[in-house]
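# Structural overview for review
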Amino acid sequence: MPELPDLEVIKEFLQPRLVGQTIVEVEVLRPIIVRDLTREGLAAGVTGRSISAVRRRGKFLVLDLEQRPGHLVLNPMLAGRLHYEAAGKRRPEYAVAVLRLADGQELWYTDAKQMGKLYLTDDLSLVPGLAELGPDALDPELTLERFVERIRPYRGEIKGVLTRQPFVAGIGNAYSDEICWRARVYPFRKRTSLSAVEIEQVYTAMRAVLIEAIEVLRQRVGAEIHVEIRDFLAVHGKGGQACPRCGARISQLKGQDYYANFCRSCQPGTLIKQ
Ligand SMILES: [Zn+2]
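Residues numbered from 1 in each chain as written. Predicted model: local features only at pLDDT ≥ 70, side-chain atom pairs only at ≥ 80, totals over all residues. Heavy atoms only, no water.

With that settled, the discussion passes to the overall build of the protein chain. What the protein chain contains, in helices and strands, is six helices and eleven strands. Its C-alpha atoms give the protein chain principal-axis dimensions of roughly 55 × 35 × 30 Å. Expressed as a percentage of its 274 residues, the buried residues of the protein chain come to 50%. Of the contacts formed within the protein chain by residues at least 6 apart in sequence, a portion of 64% connects residues at least 24 apart. Total accessible area on the protein chain stands at roughly 12,600 Å², and carbon and sulfur atoms take up 51% of it. (Helix = DSSP H or I, 4+ residues; strand = E, 2+ residues; numbered from the N terminus. Buried < 20%, exposed > 50% of the residue type's maximum accessible area, 1.4 Å probe, protein only. Contact = heavy atoms within 4.5 Å. Areas by Shrake-Rupley, 256 points an atom, 1.4 Å probe, with all protein chains shown as cover.)

Structure below.
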């Protein structure tokens, strides 16, 4: 699932390539993934318009359209991917929509699991989940003080709290594992059981993990924006391997629809089932 660092780097790649480009043709291959909140039809609503900005809000990517306020909003969920390709290249069978640009390049949205959504809207507040987003996890105004204030109403397991988008936006399963590991906090501890010092460790880890990941991805992603790079992470996806900090074996726990990875030795704790 693309998270804040993945989408930030995709945004940085697309910005200079898309801004100012006119969309000359739109193909919708899987209409079920497309939500047209303008009722104009995606192709009719977008063809001939140019892109004025590429932005990221949490785990959403927003393309602003010129001529009148309008936005294409992408919520990639588990498996949504953007591809930036030269026209005429063979598309994967799970391609959802293709935007052909005036310079001959194409932007594809593909979704192997068909769980993501592509919205066309004149009003961003109509996009489910977007208006409810809390501050971005890297928002400079999200100080430790504000973080502590915002986390107060959330009483559940810290890993889960970190992925609540109305609390802070941008973190999902992979990076919540990384943040808990960096903060040396057992991911299933209740937020209410964490000391002030531990909350501060989580905050500091959140900033450091996300900033460092963006730096790594900037070097490695390039034009392959559809490839999700996770091999550099410390614990996520590394169940059974050695913890890079203490050498103990990294644990893997299966949740309802995800795997959580952590180190029992440097993130001690016990799972309390309720
Ligand atoms: Zn360890």
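And the narrative resumes.
Our focus in this paragraph is the sheet that holds strand β4 (residues 60-65). The five strands lie next to each other as β2-β9-β5-β4-β3, forming an open sheet whose pairing is mixed. This sheet does not close on itself; its edge strands, each paired only once, are β2 (34-36) and β3 (51-57). Neighbour-to-neighbour, the strand axes of the sheet open up by a mean angle of 15°, direction not taken into account. Bridge count between β2 and strand β9 (residues 117-121): three bridges; the pairing is parallel. Its bridge partner being in β9, D36 is matched across the sheet by L120. Against the sheet, helix α1 (residues 4-18) engages β3 and β4, with an angle of about 170° to β3. (Pairing = 2+ DSSP bridges. Axes fitted to C-alpha atoms, helices over the stretch in contact; angles between N-to-C directions.)

Quantified by volume, the largest pocket comes out at close to 890 Å³. For the largest pocket, the lining is made up of 38 residues, of which M1, K59, L78, G172 and N173 are closest to its centre. Secondary structure elements with two or more residues in the lining of the largest pocket: α4 (158-162) and α5 (173-182). The biggest single contributor to the lining of the largest pocket is α4, with three residues. (1 Å grid on protein atoms, 1.4 Å probe; cavity = no way out; pocket = protein on both sides within 12 Å on 5 of 7 lines; lining within 4 Å. Points joined across faces, edges and corners; volume = space filled by probe spheres on them.)

Taken together, M77, L78 and M115 make up a surface patch of nonpolar side chains, about 230 Å² in accessible area. Structurally, the position occupied by M115 is in the loop between β8 (105-111) and β9. (Patch = residues over 30% accessible without salt bridge, like charges linked within 9 Å, V, L, I, M, F, W, Y side chains within 5 Å. Salt bridge = Lys/Arg side-chain N within 4 Å of Asp/Glu carboxyl O.)

What follows covers the sheet that holds strand β7 (residues 95-101). The strand order across the open sheet built from four strands is β1-β7-β8-β6, with neighbouring strands paired in antiparallel fashion. Two strands close off the open sheet at either side, each with one partner strand: β1 (23-28) and β6 (80-86). Direction aside, neighbouring strands of the sheet carry axes that sit 15° apart on average. Summarising the sheet, β6 and β8 pair through seven bridges and their orientation is antiparallel. In the strand pairing of β8, A86 is matched with Q105. Of the strands in this sheet, β6, β7 and β8 touch α1, which is tilted by about 40° from β6.

In short, shape yes, function no, at least from these values alone.
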